[in-house]
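Chain by chain, the residues:
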Amino acid sequence: MNRQDINDDDLQQLLQEQPPKPDADTKARHMAAAMAAFAAQQSAEKKSTVLQGFLERLRLTRDTNHHGDKSMNNTMNNNGFDSRPFWQKPALISGIAASSLAVLAGLTFMQNLMINSDQQELATRIAEQSLRKSVPLNVQEPANAIISEDKKILADMTIAEDAVEYQEMEAAVAVERKEQTKLAAQKMDMSVVQKMKSEAQPMALSAPAPRVKEIIVTQPPQEFRDRFEDFNENAVIAASENPVSTFSIDVDTASYSFVRRMLNNGQLPEKDAVRSEEMINYFDYAYPLPKDRKTPFATYTSVMDSPWKAGNKLIHIGIQGYQLAASDIPQSNLVFLLDVSGSMDEPSKLPLVKQSMSLLLDTLKPDDTISIVVYAGAAGTVLEPTKAKEKNKILAALNNLQAGGSTAGAEGIALAYQLAEANFNAKGVNRIILATDGDFNVGQTGDEALQDFVERKRDKGIYLSVLGFGQGNYQDEMMQTLAQNGNGTAAYIDTLSEAQKVLVTEATSNLFPIAKDVKIQVEFNPNTVKEYRLIGYETRALNREDFSNDKVDAGEIGAGQRVTAIYEITPVGAESGLLENSRYQKENKPDIGKNGEYAFLRLRYKLPSETQSKLIETPIEKNVLLDAHAGYQQEVNFSIAVAGFAQLLRGSNYAGNFTYDKVIELAQANKGKDEFGYRTEFVQLVRKAKIAKEL
């Protein structure tokens, strides 16, 4: 429908409706305006008559005599010679007249231009008024809501002389206002219009108004700048071709917390945000503790049928670290490195950082040392080294922090290491705790450059742990790089209860290492294992030769921490394998003495103060009967439920016929005591994943 059709329909509808009867004041005001307009019109006509007479006299004709008694004959007798003075000559007078007309035309054009500009400005002001009043642009303002702006419009108009003409003119103005408002709104910020449309309530109209077609504004989708390392899921490997698997341990838990936040928001996480090993290791499994601290680990293995692929089996490896007694916990030299840049100005970021650091203070010894470094556009020290017993002073420094500015993260890290080195405790733990969203945008921002810097400081005995906060520009890849190369852990704090778990319940595990450079190597027996694949640890893979090379860095384990790794294997003779038999490779002859083993486990580690690694070895037998702990199998089964859930979230090609319902069934049956409710929460997350939407 074009604009002319709209005007005709709207005017026709208005003409058919009974106009409201104006009150006495309104009628008097309009009649006065009409009379004033009429008087102005009469005056204009008089001026126009004078101008027309003047122009008539200036008209260039040959029979016009302006100079006394001389006749036309006398003029003709002059043989074309005009003897009049030059200022009386028609050519000069005609030139003056033409110039005058040009000036008048220019003035008229400029006046029309100014009027059109004023009308456009007025339409914009009307649209802006509608937004400030939260009036939808698809609803005409009522007559009593159009205040001084409309009165000014009516006062400046030439009003018709009778009531009928006045009503027709008012309807035309209303339609014109509708079109101008629509054009102005289309030029305004679409996000503002969308917000106004969603929040405003329709207003009751005091007089009939033309209906305007609704302006449909589409809000752009929310932009997510969360950055995760891109990796491919571990593939199936033939044991006969490559029987050895090597990787660094990982006790980080950041992936699980981020996945939880996404599911609680009704969205499925992107697949690279799901790291299976961090999902599995989030939970506190009740593996039996080591008998003494001479060997800081106890290793346990078990074999069971795969719940997602018939014929395959799972090899479960559990490692439990030694728990330090309270009297054995060393002193701490901690530097809180806090991001206070503009990107942290959200309730789930800097305010939660302050609360989290306050919780950590309650776990420290009175003689432990705390320093606070902050960074935004630049870095600075807000708290010099202070004993933990001066809690009020530390809290005051925390509570005064405010967010703003860019993010000079590299400069902040350098300053934090300077403080840690200046107060280095040779007999204690020296650690920097970085709290950030990882959004470094000023200074040395490359992952590799920061990695090299952190590695050099790690070799001096200063470790770095990372606490991630926020969503939308969460830079997980950067934080994983820092934590892995700083011999620290990476956790993601999405709630205050998660801060309680990481910094209070598991404080000794996350702060005090019992071993560093912990590596795992599994050699599979080709006589009993046809294929295998490791679930998770894709970003922690090592070369085979790295296992025995003490110069190659690996993960650390804190006091009382546990590590879980799960392999899926296809036994020789099973028909569930994915790899075709080789046409040309000869089958291995069975080694009768080793046919009772699926694999052989090797674990290598260094004590925190040593540079030479130690080795632990144990076979993984086909028929494992573990009676060391009555609830061990329950812990194994729950970890398998978590592993299956992680594969489903990633859209794994190896999840077989496993479903969310089967995850729930397996987890429910093996929740155990669940003192803090983490396993119950896990079951609820699986239910949310069933109905969550993809990004």
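Details of the structure are given in the entry above.
Residues numbered from 1 in each chain as written. Predicted model: local features only at pLDDT ≥ 70, side-chain atom pairs only at ≥ 80, totals over all residues. Heavy atoms only, no water.

Topic: the overall build of the protein
In step 1: Check the secondary structure of the protein and you find 19 helices and 16 strands.
In step 2: Counting every position in the protein, which comprises 695 residues, the buried fraction comes to 45%.
In step 3: Sequence separation of 24 or more characterises 80% of the internal contacts of the protein that already satisfy a separation of 6 or more.
In step 4: With an accessible surface of roughly 36200 Å², the protein has 51% of that area assigned to carbon and sulfur atoms. (Helix = DSSP H or I, 4+ residues; strand = E, 2+ residues; numbered from the N terminus. Buried < 20%, exposed > 50% of the residue type's maximum accessible area, 1.4 Å probe, protein only. Contact = heavy atoms within 4.5 Å. Areas by Shrake-Rupley, 256 points an atom, 1.4 Å probe, with all protein chains shown as cover.)

Thoughts on the nonpolar core
A general feature of soluble globular proteins is that nonpolar side chains tend to end up buried together.
In step 1: By size, the foremost hydrophobic cluster in this structure holds 69 residues, and its most contacted members are F336, L338, I372 and F524.
In step 2: For this core, the leading source of residues is helix α10 (residues 350-361), giving 7 residues.
In step 3: If near-sequence neighbours (up to four positions away) are discounted, F524 is found in contact with A239, P243, S245, I315, V529, Y532, Y567, I569, Y598 and A599. (Core = buried A, V, L, I, M, F, W, Y, C linked by side-chain atoms within 4.5 Å.)

Points about helix α11 (residues 391-399)
For an α-helix, 3.6 residues make a turn, and residues three or four places apart therefore share a direction.
In step 1: Within the span of α11, buried status applies to I394, L395, A397 and L398. Each buried residue of α11 sits inside an arc of 160° when the element is viewed along its axis, so together they form one side.
In step 2: Taken together, the buried residues of α11 touch β5 (332-339), α10, β6 (369-375) and β7 (379-387). (Arc of directions from axis to C-beta.)

Looking at the pattern of salt bridges
In step 1: Inspection of every chain in the model, using the stated rule, returns 27 salt bridges.
In step 2: A salt bridge links R260 to E498; its shortest N-O distance comes to 2.9 Å. Note that R260 is positioned in helix α8 (residues 254-264) and E498 in helix α15 (residues 496-505), a separation of 238 residues in sequence. You'll find R260 and E498 in the same group, each marked buried.
In step 3: Within this structure, R260, D494, E498 and E681 form a network of salt bridges that share partners. (Salt bridge = Lys/Arg side-chain N within 4 Å of Asp/Glu carboxyl O.)

Some thoughts on the side chain of S276
In step 1: Examined against the element boundaries, S276 turns out to sit in helix α9 (residues 276-280).
In step 2: Leaving out residues up to four positions away in the same chain, S276 has contacts with I535, G536, A646 and R650.

So, the packing of helix α18 (residues 660-668) against helix α19 (residues 678-691)
In step 1: The interhelical angle for the contact between α18 and α19, taken along N-to-C directions, is 170°, at an axis separation of 10 Å. Judged by the inter-axis angle, α18 sits roughly antiparallel to α19. Here Y660, D661, V663, I664, A667 and Q668 of α18 lie close against α19, whose contacting residues are F682, V683, V686, R687, A689 and K690.
In step 2: Counted by class, the contact of α18 with α19 contains 8 nonpolar, 1 polar and 3 charged residues. (Axes fitted to C-alpha atoms, helices over the stretch in contact; angles between N-to-C directions. Parallel < 35°, antiparallel > 145°, perpendicular 65-115°, else oblique. Nonpolar A, V, L, I, M, F, W, Y, C, P; charged D, E, K, R; others polar.)

What to know about the sheet that holds strand β1 (residues 237-238)
Sheet strands pair via backbone hydrogen bonds, and the direction of the pair is either parallel or antiparallel.
In step 1: Pairing in this open sheet of 5 strands is antiparallel, and the strands run β1-β12-β14-β4-β3 from one edge to the other. Each edge of the open sheet is held by one strand with a lone partner, namely β1 and β3 (297-305).
In step 2: Note that β1 and strand β12 (residues 529-534) share 2 bridges and pair antiparallel. Within β12, the position partnered with A238 by the bridge is E531.
In step 3: Set on the sheet, helix α17 (residues 632-650) makes contact with β3, β4 (313-321), β12 and β14 (562-571); between it and β3 the angle comes to about 70°. (Pairing = 2+ DSSP bridges.)

Some thoughts on the pairing of strand β13 (residues 555-558)
In step 1: Residue alternation in β13 divides its side chains into two sets, G555 and I557 and E556 and G558, and both sets are buried.
In step 2: Here strand β11 (residues 513-524) runs beside β13; their pairing, made up of 3 bridges, is antiparallel. Its bridge partner lying in β13, P513 is registered against G558.

A closer look at α15
In step 1: If you check which residues of α15 are buried, you get E498, A499, K501, V502 and L503. Down the axis of α15, the smallest arc covering the buried residues is 160°, so these residues share one side.

Notes on the environment of S465
In step 1: Within the secondary structure, S465 is located in strand β9 (residues 463-468).
In step 2: Taking the C-alpha atoms as reference points, S465 and I432, separated by 33 residues in sequence, lie 6.3 Å from one another.
In step 3: With residues up to four places along the chain from it excluded, the contact list for S465 reads R431, I432, I433, L434, G488, T489 and N510.
In step 4: A polar contact of 2.8 Å, which involves the side chain of S465, links it to the side chain of R431. (Polar contact = N/O pair within 3.5 Å; in protein donor to acceptor, adjacent residues only side chain to side chain.)

Thoughts on the side chain of D250
In step 1: Turning to its location among the elements, D250 is positioned in the loop between β2 (244-248) and α8.
In step 2: Side-chain polar atoms of D250 contact the side chain of R540, separated by 3.2 Å.

Quick word on the pairing of β11
In step 1: Burial within β11 is extensive, with 11 of its 12 residues counted as buried.
In step 2: Two elements, β2 and β11, share 5 bridges in a ladder whose sense is antiparallel. By the bridge assignment, F247 is partnered in β11 with I520.
In step 3: When β11 meets strand β15 (residues 597-606), the two strands line up antiparallel, connected through 7 bridges. Directly across from I520, in β15, lies its bridge partner L603.

Overview of the sheet that holds strand β8 (residues 429-436)
In step 1: Taken in spatial order, the 6 strands line up as β7-β6-β5-β8-β9-β10 in an open sheet, and their pairing is mixed. Edge positions in the sheet fall to β7 and β10 (490-492), since each has one partner strand and no second. Adjacent strand axes in the sheet meet at a mean angle of 15°, parallel and antiparallel pairs treated alike.
In step 2: With 3 bridges connecting them, β9 and β10 associate as parallel partners. Each bridged residue has a counterpart across the sheet, and for L467 the counterpart in β10 is A491.
In step 3: Lying on the sheet, α11 is in contact with β5, β6 and β7; it crosses β7 at an angle near 165°.

A closer look at the packing of aromatic side chains
In step 1: Tallying each qualifying case throughout the model produces 26 aromatic pairs.
In step 2: Both rings, one in F297 and one in Y605, keep their centres 5.1 Å apart while their planes meet at 85°; by these two values the pair is edge-to-face. Note that F297 is positioned in strand β3 and Y605 in strand β15, a separation of 308 residues in sequence.
In step 3: F297 sits in the buried class, given a relative accessible area of 5%.
In step 4: Taking the ring centre of Y282 as reference, the NZ or CZ of K501 above it sits at 4.0 Å. (Phe/Tyr/Trp six-rings, centres within 6.5 Å; stacked < 30°, edge-to-face > 60°. Lys NZ or Arg CZ within 6 Å of the ring centre and 35° of its normal.)

Here's the deal with the packing of α17 against α19
In step 1: Look at α17 against α19: their axes get within 12 Å of each other, and the N-to-C directions meet at 25°. With respect to each other, α17 and α19 are oriented roughly parallel. The two elements α17 and α19 meet at a crossing, and its hand is left-handed. Across the interface between the two elements, E635, F638, A641, V642, F645 and L649 of α17 pack against R679, F682, L685, V686 and A689 of α19. (Left-handed = near helix turned anticlockwise from the far one by under 90°.)

With respect to the environment of E556
In step 1: Among the structural elements, E556 can be located in strand β13.
In step 2: Taking relative accessible area as the criterion, E556 reaches 7% and is therefore assigned buried.
In step 3: Distance from E556 to G486, taken between C-alpha atoms, is 9.9 Å for residues 70 residues apart in sequence.
In step 4: For E556, the contacting residues outside a window of four places in its chain are I249, V251, R431, Y463, N487, G488, P513, A515, K516 and Q561.
In step 5: Here R431 takes part through its side chain, which lies 3.3 Å from a polar atom of the side chain of E556.

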